[in-house]
Amino acid sequence: MATLRIGLNYKNKGFPEVNCKAWRTFVKSLEISSVGPMLSQIVVTLMPLLYQIPTPVSEIFKYLIIDNQSELKHHFHELYFMPELPELEHINDVLKQYNQCHKSDSQLRTSLDNLLKGIAHETLEVRVHALTKLKQLLHNNQSDFHDMIMGIETVDPLILQVVSSLLDGCRESNYEAKNLFGECLGELGAIDPGRLELKSVSAKEDLVSFQASVHDEKFAFHLVNELARAFLSADSARTQDCCSYALQEILQIYEINSTALTQSSGRRLWKRFPEQIQEILSPLLNSKYISSSTTDWTRIQHPMYGSKLGSNFRDWVCNWTGYLISKVKSDKATRVFQACRLVVKNVIHMAIYILPFLVAQVLLDGSEPEHKLIYTEILTVLNHSQTLDTKRGPMSDFRNMTTQTIFSVLDHLTKWKRHRLQIIAMTTKKTATVKGARAVPTAQNAIAQDAMYIRMGQFLDRVPADLLAKTSFNCKAYSRSLMHFEQFIKNKQENIQDHLDFLQKLYVALDEPDGVSGIMAVRKDKPTISEQILAHESVGELHDASVCYGLAIQCEPDNVSHHTGLIKCLFQLGQYNMGLDKINGLLSERSEWSGNLNECRVEALWKLGDWKKLEAYVKPDSHSNSWGIGLGKLLLAAKNKNEEEFSKQLQVVRHEQMGPLSAASMESGSYQRGYEYIARLHMLNELEEGFKSLLLQSSPGQHTVDDIMTGWQARLQLTQSSFRIQEPILNLRRTILTLANERKDSFLDKVIGQILLQSAKVARKAGHLQTAYSTLLHASAYNLPELCVEKAKWFWKKGEYDQSQSCLEKGIIEHFSDTIRIADDDSIEGQSLRFKHAKALLLFGLYSEQTANLESNAIMKKYKEVIEINPEWEDGHFHMAKYYDKVMNNFQETNMPDKAGQLILPVVQNFARSLQYGSQYIYQSMPRMLSLWLDFGANVAEAEKQADKKSSVSRSLQMKKAMLANLNREMSKAADRVAPYQYLTLFPQLISRICHTQQQVFLQLQEIIAKLLAEYPLQAIWMLMAVSKSSYMIRQQRCLQIFQRARELKPELHKFINDTTKLTDRMLELCNKSVDSGNTTLSMSRDFRFLHRLFDDSNFSRILIPLQSAMTVTLPSTPGQHVDHNPFPAAPIYIAGFEETVEVLPSLQKPKKITIRGSNGNLYTMMCKPKDDLRKDCRLMEFNGIINKFLRKDAESRKRQLHIRTYSVVPLNEECGLLEWVPNTCAFRHIVLKIYREKECYMPGQELAKLSLPYSAPHEKKLQVFREKLIPRHPPVFSEWFLRSFPDPTSWYTARLAYARTSAVISIVGYILGLGDRHGENILFDSTNGDTFHVDFNCLFNKGETFDVPEVVPFRLTHNMVEAMGPMGCEGVFRQACEVTMRVIQNQMDPLMSVLKTFIYDPLVEWNKPAKGRSNPQESGEINNEQALTHVQNIEARLKGIMKSRSKARGLPLSTEGHVNVLIKNATDENLLCTMYIGWAPYI
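None of these values were measured; they are calculated from a predicted model.

Asker: Describe helix 12 (residues 157-168), with residues and values.
Answerer: Along its 12 residues, helix 12 runs 17 Å from first to last C-alpha, staying within 8% of the 16 Å computed at 1.5 Å per residue. Elements in contact with the buried residues of helix 12: helix 9 (107-119), helix 10 (124-140), helix 11 (142-150), helix 13 (175-188), helix 39 (670-673) and helix 40 (675-695). Of the residues flanking the start of helix 12, the one acting as N-cap is Asp156, its side-chain oxygen 2.9 Å from the backbone nitrogen of Leu158.

Right under this line is the structure:
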C-alpha cells in the first residue's frame, strides 16, 4: 500500500490511469474483513486521483462503500472528508446514513471527535484534509465553541482535547500542514490558559512508562510503533525500504511474532499491537531486506553543530544520531540502534525519538573521550544559544529546535537517573525484607556503590546550571531557566542578593508580577535603574517606568535598549506621535540603530494610519520576518487590497509564529509558554477575516459589521484578561475598521469608538490609568452615550469620587434626557440605549450609596428608575433588594421592627426577580431570600406559640401572619419563575429547615424540595438520604413527606427512592461493620453479600456515583435568563457494581475503602467512614465550593488560578458517610520524613519525646530547644519533593505556583473560619499538580485555642513550607495570593456571610457537641446552636480586618495588606512556633 501511494507522485501522461488500475486490483485482492482498519487511509490516499480521473476512482469507492456496505459500515464514520462531487452522489447518500449522530449525541461533538483522530493520523493527506475540515468546523460553529469554553464555569473537556491535539501538531514537518495547525489555533482563539486545565503526565506515571534501556519491553513496543508510523507516512521508496529494514531487524531482535510461545516477551508484544500495525508487521516477519550502505564516522568534525554535517537542524540531528549509533558497545543495544541507522538518515522524527536513548547508552557503556565529545556537542549548542537571538526565519528555528532537542536529551538523562534511584531503593527494600534490616546496606550506601548511577550523575553535574538557565532564558523557556537558576543558587550556595537582577528579568518574562514584587521585597540594596524599570513595567506603572528610562539614557546614552524601552512605554501610554518623533530623532543621529528601532517605527505608523511612510519604512526591511514588520506588511497589503500579496505575507507571518510553538510543544506546559504566539495567531485570524469580509467589500453593510463584531467580542472574552494580551488585539481591530471606513460611515465610527472604550476598560482594570486616560481622550471624539460610564469608573479608580458622580450626571443629562423617545424605541438600537441608560443610572445610584451623597429616598428612586427602564435586568432588581435590605437592617438596629417588617416583602420580591433574570448574584440573592422567609416564618411560629399560652392574638401577630401569607405567596410565585437549578445551589439550606415549625412555611418548603427531587433526582436523593436516616423521628417523618410529594409529582420516582434507600441501608451496614484487629481486607461477596447482590438485579434503579464533579451545580457563566440551562452537563456515571476487595484502613474508626464500578467502565474509589459526623465536612466543602466560584469570577484571582481543593462528602446519617477518595495525594509529614530518612537525619519518636517540654516550661527554654535541637535536625527539604515529582521544568514551575497559591487560599480561608489542628497528616499535596489539599475540618471556629496546649499560629507556614516556595520564600507569590484571596473574600463578605450563617445556624448540624453524649434537640428536631452568634461575630470581625484571639484584645481594623502581613509574621514567628504542641510538628 505504501508502495502504491508513492506511485501517486508520478503525473506522466497515462500513469494515473495505470496507478488507478493497480489500486483497484490491490483493493479487490484483499480479504474484505481486513480492509476496515485501512478504509480511511485508502480513500484519502486516492483523493488526488479523484480530481484527475473521477470515474475510475469512484468505481473503487463504490466497490468499498456500496458493494461491501454490510462488512465495512462500522468504519464509515471515518470518511467524514468525502467531497461533494456528482460521481460520488450515491456514495455520499450511503455515508450520510452512518455519519449522522443518534439523537442523544451532538453532531458537532461527533464531527470534532472524528477530526481529532484525523489530525493525528499517520498519513499527511489525512491530516491535511482533517485540518481543513476542522478549520471550517471551528469557523462555522463559533458560537457553539464559545459556549463550550465560556458557557459554563469550566471549559468543556472536548476543548481541552482540541487544544492538546493542535499543540502536538505544531511539530509537524510539512509546511502546509504546519500552517493549517496555526490557522486552526487562530480560529479557535487564544483561550485564557487559566481556564484550561491541560493535564500533564505526573512523575509517578512518567516513571511507570519510562523506557530505561533497549532491554525494556516498553522501549521495543514504542520503537516499533514509531517505525510503523514512519513507514505509513513515507513519501519515497527509499524511506519506505529503510523503515521496512528497521522493522524487520527489530522484530527479529525482540523475537516478536504471532507464533512465539504464549508466555514469551515477543508474543506479549505482538498482542499489544493494534490490528492495523500487525498488518504492516506480518510481511516483515519473513522479509529479507539487507543493508548495503555504511558510513565512516571516524573523520568527521566535532562538534557537529555548525559544521558541514550540522548546518541545519535536519542534518545536525540525523548526523549526530548516526554518529552516536556507531559508538554503542553493548551487544543488544548495538543491534537495535544499527537496525535504525538507515531510517534516522531519512526520517527526522525518528532521529529525534532515538537520540535521548542513544546518548544515555553511550554514557553508560562508552569511553571517557566519547563522553567528552557528547559534552562538547551539548555545550556548543548551549553556548551558541546563550547569546540573545536577533535572527529570524530558518536560522532562528534551527537554534530553537537544536536547543530544545538538547533540553529533551538532558530531561531524559535526569529521568533515567531518577528511575535508577527508584530501582536501587526497591532492590534495597526487598533485600532488607529478606535478610533483615541490619544485614543490608542503606539505600544511601547502595546508591554510592552503583557505578551507572554515579556515571550519569557526574555527567549531568558537569553541565553548568547557570549556562542552562541563561540558554533557556534566551530560548524563551523561562520556567526551565528558573528551575536551573535556582538549582545553581542552591548547589553553589550563592548569595541570592547577587542574582536578583536575573531573577527579576525571569519573572518579568514569565509575566509573573507577583514574583517581581517578591524580588523587590527581599532586596536589601537600593535597586538599580534597570531593576526599577522592570518593577514598574511589571505592574503597569508606565509613566514611572518612562521617567526611569530617561535617567538610564542620561547615564548610558549609547545603550539602544534604554531608548527602545522608553519608546515602547510611550506607545503603551498611547503617545505614538511622541514616540515616532523620538525614533526619527535618534535615527538621524544613529542610523546604525535602524535594525533595532524600525520595528517600533512601523508599529507606530500603522497605528497612526500613516500608510505612505509605512510603505517607505517597510521596504528596507523586506527580508525581515519579525512580528512587527510582518504585521506592517500585512496591513499595507490589506490597505492596498492586494489579495495575492496579503495571502502570501499571511502565510509567512503565520509560519514564523509556528517556529517557537514547535520548540515549546516539545515539553509539557507548552500552551502557557507559547501563549504569546497563540495570541498572535488569534490576531492573524481576525485580520484575515476583516480583510475578506470588510476590506474587499466595496461598502460593508451594518449587518456584516455587527456579525463580525459579535464574533470578535466573544473571542475577546475567552482570552486572558490582561492588558498585554487584549490591548494588541483591540488595537488591530481599530486599525482594520479604520481601513474599512473610507466613507466615514457613522455606524463604523460608533464601532471604532466602542473598541476604544474597551481598550480604556482593559487599561483601567490593569491599573494603567495613564493609558486609559489617553484612550478615553481619543474615544471622546466619537461622543458615545456609554463614554460617561467608563470615564466615571476611571475617576472612581483614581479616587476622585465627586468627579465620577459629576461625570455620570452630565452624561445622563446629555444622552438620556429624552426618556419618552428612548422608552418608545423598540428597535435593537433603542433596546441597547435603554440598557446603557439603566447602566449609567445604576452606577450613579451605587456611587451615591457608597459616598452617602444622597438621602435614602433619592437613592431608592434611582434604583426604581433602573428597573422601570430595564425591567428584565438582574442587576437592577438585585441592587434594589440590597438597598431595601440595608434600610430594613437599619430599622431593626434602631428598634423600629414594624417599619423593618414592612420592607421584608419588597426585599424578597426583588431578590426573587433578580434570580428570575440571571444567576450572577445567586450566592447573595438566594441565601438571603431564603433566610428572610424562613426566619420570619420561625418568628411567627414562636409568636403563635407564645400567643397560645396567653390565649390571645395581638395586632402585631396578625400583621406578621398577614405578612407571612404574602411571603408564602411570593415564594410560591418564585418557585414557578426561578429555574429549579438555581434552588439546587442552596439545597443544603433548604434541607436544613426541613423541621420548620410553621406549618404553611413547611408546606411551601416541602413543595420546593419535592420539585427539585423530581427535577434532579440523581443528585437530590443523595443530599436527602442523611435526613431520611436520621435518628430523630421528626426529621425522618418530614423527609418521608417530601418523598411522598415527589412521587405524586413524578410517579416513576417510587422505585428509585425505594432502591436508593436499600442501597443506603447496605452502605450503612458496610460502614458500621466491626473488623477484627489485624484484618486489613474484607470481601464484598462474603461480608456484604446483600449490597453485592443489589446490582445483580437488572431492574435495580440507576443510581449516580456521588462524585464531586457529578454533584456540583454548574451555573451559566453569562448574564441573563438561561431557562434551558443544564446544571450537570457531563454524562451521568451510575453505580454498576463493586469490586470484590474492601480495604480496611488502619485508623481508629476502621474506615473501609471501596471501589465502585462505573457505568462507563471506569473504577471510582470512595471511603466509608463510621463514627464521624461528616455533615460539618459536607457543609464546609459546600462553602469552599462557593468561595471557588467567587475566586473564578475575580480577574486577579482567575489570572492566578486561585482555588481550594474540594472533594465529595456524602453523609448517610449523623454518624456515617462517604468520602470521595482523592488519588495521587501524600501527607506533608510523610513526604518530609521520607526525605529525612534518606538523608539519615530522621529523629525517632523517643528522641522527640525527650525534647518535648511541658506547657508550663519557661518560654526561653522552649525557644532554645526549638532553635538548637529541633530545627538543626530538621533542615528544609520539602523543595526536593517538587524536583522529584515534577522533573519537567514547566510542570515543576506550575506545580510550585499551584502549591504556593493553594496554600495561601486555604490558609486565609482557614484563618477566617478559625480552622485549627493543621498538623502534617491533615495537609496533603497532589503529586500530579502540586495543589495543597486539606482534610479533617472538625476543629473550626478557633476551637484550637481551647486545647490543653493552645494553638497560637493562624495557619501552618513552617520553614519547610516557606523554603519550598523558592528563594524569595513567602514573599511574592504566596503573599500576593493571600492578599488577593483576602480581598475577594472581603469584597464578597455579604454573600459569603449569607451562606455561612445558614451553615452555622443549620438546625440539623451540631457544631458544638458536648464532651459527653449528644445534646438533646428540641421536640421540633432542630438544634439551637447557642454559640452561633459568637462564631458569626468573630468571622465578621476577621473579614473587616480586626485581629481577634483569646490572647489579644480586639483592635482597630487593618488594611488587607497589613492584615496579611501580621498573619504571615505570626505564622512564621519562632517565638510562637516553639510553644505549639510537639505533635503538631512545628519543626518540620
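Asker: Outline a positive patch on the surface, supporting the account with residue identities and numerical values.
Answerer: Taken together, the side chains of Arg913, Arg969, Lys973 and Arg977 define a basic patch exposed on the protein surface. A per-element tally of the positive patch places helix 53 (residues 955-977) first, with three residues. A residue is classified by how much of its surface remains accessible, and Arg969, at 49% relative accessible area, is partly exposed.

Asker: Tell me what's going on with the sheet that holds strand 9 (residues 1323-1326), and back it up with residues and numbers.
Answerer: Pairing is antiparallel in the open sheet, where three strands are placed in the order 8-9-10. For this open sheet the edge positions go to strand 8 (1225-1227) and strand 10 (1332-1334), each flanked by a neighbour on one side alone. Strand-to-strand twist across the sheet, computed as the mean angle between neighbouring axes with direction ignored, equals 35 degrees. Pairing geometry for strand 8 and strand 9, over three bridges, is antiparallel. Note that in strand 9 the partner of Cys1226 across the bridge is Phe1325. Across the sheet, helix 65 (residues 1228-1238) lies against strand 8 and strand 9, angled at about 75 degrees from strand 8, the strand it touches most.

Asker: Before we move on, can you summarise the packing of helix 15 (residues 217-232) against helix 22 (residues 348-365) with the specific residues and values?
Answerer: Orientation of helix 15 relative to helix 22, taken along the N-to-C sense of each, is 165 degrees, at an axis distance of 10 Å. Compared by their axis directions, helix 15 and helix 22 come out roughly antiparallel. Seen from above, helix 15 lies across helix 22 with left-handed handedness. Between helix 15 and helix 22, the contacting residues are Phe219, His222, Leu223, Glu226, Leu227 and Ala230 on the first element and His349, Met350, Tyr353, Ile354 and Phe357 on the second. Tallied by class, the residues present in the contact of helix 15 with helix 22 amount to eight nonpolar, two polar and one charged.

Asker: Can you explain the pattern of salt bridges? Please cite residues and give values.
Answerer: Scanning the model with the defined rule gives 62 salt bridges in all. With a shortest N-O distance of 2.7 Å, Glu1069 and Arg1066 are connected by a salt bridge. Of this pair, Glu1069 and Arg1066 both sit in helix 59 (residues 1053-1072), separated by three residues, roughly a single helical turn. Owing to a relative accessible area of 26%, Arg1066 belongs among the partly exposed residues under this scheme.

Asker: Can you explain the nonpolar core? Please cite residues and give values.
Answerer: Nonpolar side chains in soluble globular proteins tend to be buried together. Judged by nonpolar contacts, the single largest core of 353 residues is most densely connected at Tyr983, Trp1022 and Leu1063. Per-element accounting of this core gives the leading share, 14 residues, to helix 69 (residues 1289-1313). Once you skip the residues sitting within four places of it in the chain, Leu1063 turns out to touch Trp1022, Leu1091, Leu1094, Phe1095, Phe1100, Ile1103, Ile1135 and Phe1138. One finds Leu232, Ile256, Trp270 and Leu364 within the second-largest nonpolar core, a separate group that totals 86 residues.

Asker: Lay out the packing of aromatic side chains in plain terms, naming residues and giving numbers.
Answerer: All told, the structure shown has 43 aromatic pairs when counted by the stated rule. Seen from their ring centres, Tyr671 and Tyr675 are 5.8 Å apart, and the 50 degrees between their planes marks the pair as tilted. Among the residues examined, Tyr671 registers a relative accessible area of 4% and is labelled buried. You can call Tyr675 buried: its relative accessible area is 2%. Where Tyr1299 meets Phe1325, the ring centres are 5.6 Å apart and the plane angle is 65 degrees; that geometry is what we call edge-to-face. Here Phe1325 lies in strand 9 and Tyr1299 lies in helix 69, a separation of 26 residues in the sequence. Residue classification places Phe1325 among the buried positions, given a relative accessible area of 0%.

Reading guide: rules and limits
Residues numbered from 1 in each chain as written. Predicted model: local features only at pLDDT ≥ 70, side-chain atom pairs only at ≥ 80, totals over all residues. Heavy atoms only, no water. Helix = DSSP H or I, 4+ residues; strand = E, 2+ residues; numbered from the N terminus. Expected span 1.5 Å × (residues − 1). Contact = heavy atoms within 4.5 Å. Polar contact = N/O pair within 3.5 Å; in protein donor to acceptor, adjacent residues only side chain to side chain. Patch = residues over 30% accessible without salt bridge, like charges linked within 9 Å, V, L, I, M, F, W, Y side chains within 5 Å. Areas by Shrake-Rupley, 256 points an atom, 1.4 Å probe, with all protein chains shown as cover. Salt bridge = Lys/Arg side-chain N within 4 Å of Asp/Glu carboxyl O. Lys, Arg positive; Asp, Glu negative; His and termini not counted. Charge placed at Lys NZ, Arg CZ, Asp CG, Glu CD. Buried < 20%, exposed > 50% of the residue type's maximum accessible area, 1.4 Å probe, protein only. Pairing = 2+ DSSP bridges. Axes fitted to C-alpha atoms, helices over the stretch in contact; angles between N-to-C directions. Parallel < 35°, antiparallel > 145°, perpendicular 65-115°, else oblique. Left-handed = near helix turned anticlockwise from the far one by under 90°. Nonpolar A, V, L, I, M, F, W, Y, C, P; charged D, E, K, R; others polar. Core = buried A, V, L, I, M, F, W, Y, C linked by side-chain atoms within 4.5 Å. Phe/Tyr/Trp six-rings, centres within 6.5 Å; stacked < 30°, edge-to-face > 60°.

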